[in-house]
Amino acid sequence: MLKGIAASKGYAIGKISIMSHQEITIDERICDNVDAELTTLKGAVEKSKVQLNALRVKTAENIGEHEAMVFDSHMMFLDDPEFVGAMEEAIRNDMKRAAAAVEQVKIFFENMFSQMDNAYMRERATDIVDVSNRIIKNILGITSEIEDLPENTIIVAHDLTPSDTAQLDKSKVIGFLTDIGGVTSHSAIMARSLEICAVVGMGNITALVENGCECIIDGIKGEVILAPNKDALEKYRKLALEYDKKREELKKYRDIKLAYKDGREILVAGNIGSVKDLDSVIENGADGIGLFRTEFVFMDREAAPTEEEQFEIYKTVAERMSGKPVVIRTLDIGGDKQISYLQLEQEMNPFLGLRAIRLCFKHEEMFKAQIKALLRAGVFGDVQIMLPMIGTIEEIRQAKDIINKCKEELKDANIPFKDETPVGIMIEIPAAAIAADILADEVDFFSIGTNDLIQYTLAVDRMNSNISHLYNPMNVSVLRLIEMSIKAAHKAGIWCGMCGEMAGDLRATKILLEMGLDEFSMSGSSILDVKELIYNQLKNE
């Protein structure tokens, strides 16, 4: 039995698949058999078509038709005789090997499209890169370790990026284990959103296991059993059935309405990272979306999403929530989250550096595209804009000035939008909590981001498993900052929620109720547990 950090509840019994990212190395030597390279290229192109068609079907079923349409443009390139023909010519005329020929054509077309005046054509540069890389991987025999997995798979990796976790297929992957990470690492947060059992911070689990090894994950205690015997298998199958039964019983709290004695409504909302997370929060009876982490819309691509792409995504979320509040956080990149196309500089202290709202101010056009998309989506539901990493009143005013500019530009273009879209801030910097009474007069709501608030208050890196025992949500200093923020919000007549992982921590629920927190927002898997606890707590008062 091995011990780690329980990151996502549940039990899993399956077989291990070790994931290690393979680097792409292009062979630049002159080819010695043109016909063989042409045959290799043709086979890779045909295989790419089959993969893209399967991905399109899967994406349309699991996420949505709009998101699936990206694969249509990829297929168009594979059917374009000029695009594929250029690769064939590079093999025949330049004596390039197949992978090198694709790389050469990719760079040429990417540069050509990215310099075009037409915005739509510039965006096709991203598709060029994606589809070319797929062909290259098929030539080199590099398979996606996440795409083609058998059922009852337990992923083992040194770490999983948010993009890796977002791609996990719940019908195949039932759990994952990592060497590093903590309960608030982004892979752990995504695991809870997907309701996939996970234990992280295991030290050297990748060195201790082999592919195909049977394994049990106890996501409640953070324990892992390798090569379990018959008794262990029987015990954990029983525990898994009991856990599932309990989850089923909790469904009676799905549509319950909660309120304080004075009539103030208590919302138990859901945190999401993409449209596909909606199924879980809706199924579990979320009273709204308390946090849409839009960074996942920007990640795992070659260029920033356009205003139109974002609008369709935010509109979908707003419509599916049927009038319930949808709090959408503007881009929060930096710290432990990076996107390649911004080419951010390496920083000695990235969590204290150019991230979140600070980064958006530096890339104002990208920020404006997101704000416009959010304002437009407000026509289709109760969309509310949330600004991350706010530390001063000047930052709020600067952001509001940009929002007002966006409104004027939408007006001038005769594009419908919701003029009275609420704007709030995250309280995640201690300075913001201390000055909450001043900041509250400038915004429509607060949402406490405890993940960062705790690490900044206690000077504890929340991603470092070596000091995870020091990361304590119940520390008196943290609790005081939370209480100050809630009181300041209520005094100013605005609501205060919490979207950090502490909102779903049952140890903290009673204390947060005593403080008068208006909204608890968490991963879908925690909603019913929290609703049950709040209901029983209020009933006993």
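Higher on the page you've got the structure.
Parameters at a glance
Residues numbered from 1 in each chain as written. Predicted model: local features only at pLDDT ≥ 70, side-chain atom pairs only at ≥ 80, totals over all residues. Heavy atoms only, no water. Helix = DSSP H or I, 4+ residues; strand = E, 2+ residues; numbered from the N terminus. Buried < 20%, exposed > 50% of the residue type's maximum accessible area, 1.4 Å probe, protein only. Contact = heavy atoms within 4.5 Å. Areas by Shrake-Rupley, 256 points an atom, 1.4 Å probe, with all protein chains shown as cover. Lys, Arg positive; Asp, Glu negative; His and termini not counted. Charge placed at Lys NZ, Arg CZ, Asp CG, Glu CD. Axes fitted to C-alpha atoms, helices over the stretch in contact; angles between N-to-C directions. Left-handed = near helix turned anticlockwise from the far one by under 90°. Phe/Tyr/Trp six-rings, centres within 6.5 Å; stacked < 30°, edge-to-face > 60°. Lys NZ or Arg CZ within 6 Å of the ring centre and 35° of its normal. Salt bridge = Lys/Arg side-chain N within 4 Å of Asp/Glu carboxyl O. Core = buried A, V, L, I, M, F, W, Y, C linked by side-chain atoms within 4.5 Å. Pairing = 2+ DSSP bridges. Expected span 1.5 Å × (residues − 1). Arc of directions from axis to C-beta. Polar contact = N/O pair within 3.5 Å; in protein donor to acceptor, adjacent residues only side chain to side chain.

1. Structural notes on the overall build of the chain
Next, step 1: Looking only at helices and strands, the chain has 22 helices and 17 strands in total.
Next, step 2: Considering only C-alpha atoms, the chain reaches an extent of 80 × 70 × 45 Å along its principal axes.
Next, step 3: Within the chain, buried positions represent 54% of all 541 residues.
Next, step 4: Summarising the internal contacts of the chain: among those between residues at least 6 apart in sequence, 69% fall at separations of at least 24.
Next, step 5: As presented, the chain carries roughly 24,000 Å² of accessible surface, and 50% of it is formed by carbon and sulfur atoms.
Next, step 6: Averaging the locations of the 62 positively and 88 negatively charged side chains of the chain gives two centres separated by 6 Å.

2. What to know about the packing of helix H15 (residues 364-377) against helix H16 (residues 393-412)
Geometry of a packed helix pair, given as the angle between the helix axes and the separation of the axes.
Next, step 1: Interaxial distance between H15 and H16 falls to 9 Å at its minimum, and their mutual angle equals 65 degrees. Taken as a pair, H15 and H16 cross one another with a handedness that is right-handed. From H15, Glu364, Phe367, Lys368, Ile371, Lys372, Leu375 and Arg376 reach across to H16, where they touch Ile402, Ile403, Lys405, Cys406, Lys407, Glu409 and Leu410.

3. Notes on the packing of aromatic side chains
Next, step 1: With the rule as written, the count across this model stands at 10 aromatic pairs.
Next, step 2: Seen from their ring centres, Tyr11 and Tyr243 are 6.0 Å apart, and the 85 degrees between their planes marks the pair as edge-to-face. Here Tyr243 lies in helix H10 (residues 230-249) and Tyr11 lies in strand E3 (residues 11-18), a separation of 232 residues in the sequence.
Next, step 3: Seen from the ring of Phe311, Arg376 lies directly overhead, with NZ or CZ sitting 4.0 Å from the centre.

4. Thoughts on the pattern of salt bridges
Next, step 1: Under the defined criterion, the tally for this structure stands at 34 salt bridges.
Next, step 2: Where Arg264 meets Asp262, a salt bridge forms, and the shortest distance between an N and an O atom there is 3.3 Å.
Next, step 3: For Asp262, a relative accessible area of 57% corresponds to the exposed category.
Next, step 4: Among the ionic pairs, Asp518 bridges to Arg264, the shortest N-O distance being 2.7 Å. In this pair, Asp518 sits in the loop between helix H21 (506-515) and strand E17 (519-522) while Arg264 sits in the loop between strand E9 (258-259) and strand E10 (265-272), placing the two residues 254 residues apart along the sequence.
Next, step 5: Overall, Asp518 belongs to the buried group, its relative accessible area being 9%.
Next, step 6: Assessed through its relative accessible area of 28%, Arg264 is described here as partly exposed.

5. Thoughts on unusual backbone geometry
Comment: phi is negative for the bulk of residues other than glycine, and the bulk of peptide bonds are trans.
Next, step 1: Despite not being glycine, Met95 shows a phi value in the positive range, around 55 degrees.
Next, step 2: Within the fold, Met95 resides in the loop between helix H4 (81-94) and helix H5 (98-114).
Next, step 3: Met95 sits in the partly exposed class, given a relative accessible area of 30%.

6. Structural notes on the nonpolar core
Next, step 1: Counting residues in each nonpolar core, the largest one holds 99 residues, and the members touching the most others are Phe446 and Ile482.
Next, step 2: In this structure, Val45, Val105, Ile135 and Ile139 belong to the second largest nonpolar core, which totals 26 residues.

7. Remarks on the sheet that holds strand E8 (residues 223-226)
Next, step 1: Read from one edge of the open sheet, 8 strands run E1-E8-E7-E3-E4-E5-E6-E2, paired in mixed fashion. Either end of the sheet is taken by a strand with one partner, and the two such strands are strand E1 (2-3) and strand E2 (5-8).
Next, step 2: Where strand E7 (residues 214-218) and E8 come together, 4 bridges link them in antiparallel fashion. Residue pairing across strands places Cys215 opposite Leu226, the latter belonging to E8.
Next, step 3: Where H10 meets the sheet, its contacts fall on E3, E7 and E8, and the angle it forms with E3 comes to roughly 120 degrees.

8. As for H10
Next, step 1: With 20 residues, H10 extends 29 Å from end C-alpha to end C-alpha; this agrees with the ideal 28 Å at 1.5 Å per step.
Next, step 2: Those residues of H10 lying buried are Ala232, Leu233, Tyr236, Ala240 and Arg247. In a view along the axis of H10, the buried residues occupy a sector of 95 degrees, so they form one face of it. Exposed side chains of H10 directed beyond 90 degrees from the buried face belong to Lys230, Asp231, Glu234, Lys238, Leu241 and Lys245.
Next, step 3: Turning to H10, the residues buried within the fold contact E3, E7, E8 and helix H22 (527-540).
Next, step 4: Two or three places before Asp231, at the start of H10, stands the capping residue Asn229, its side-chain oxygen 3.2 Å from that residue's backbone nitrogen.

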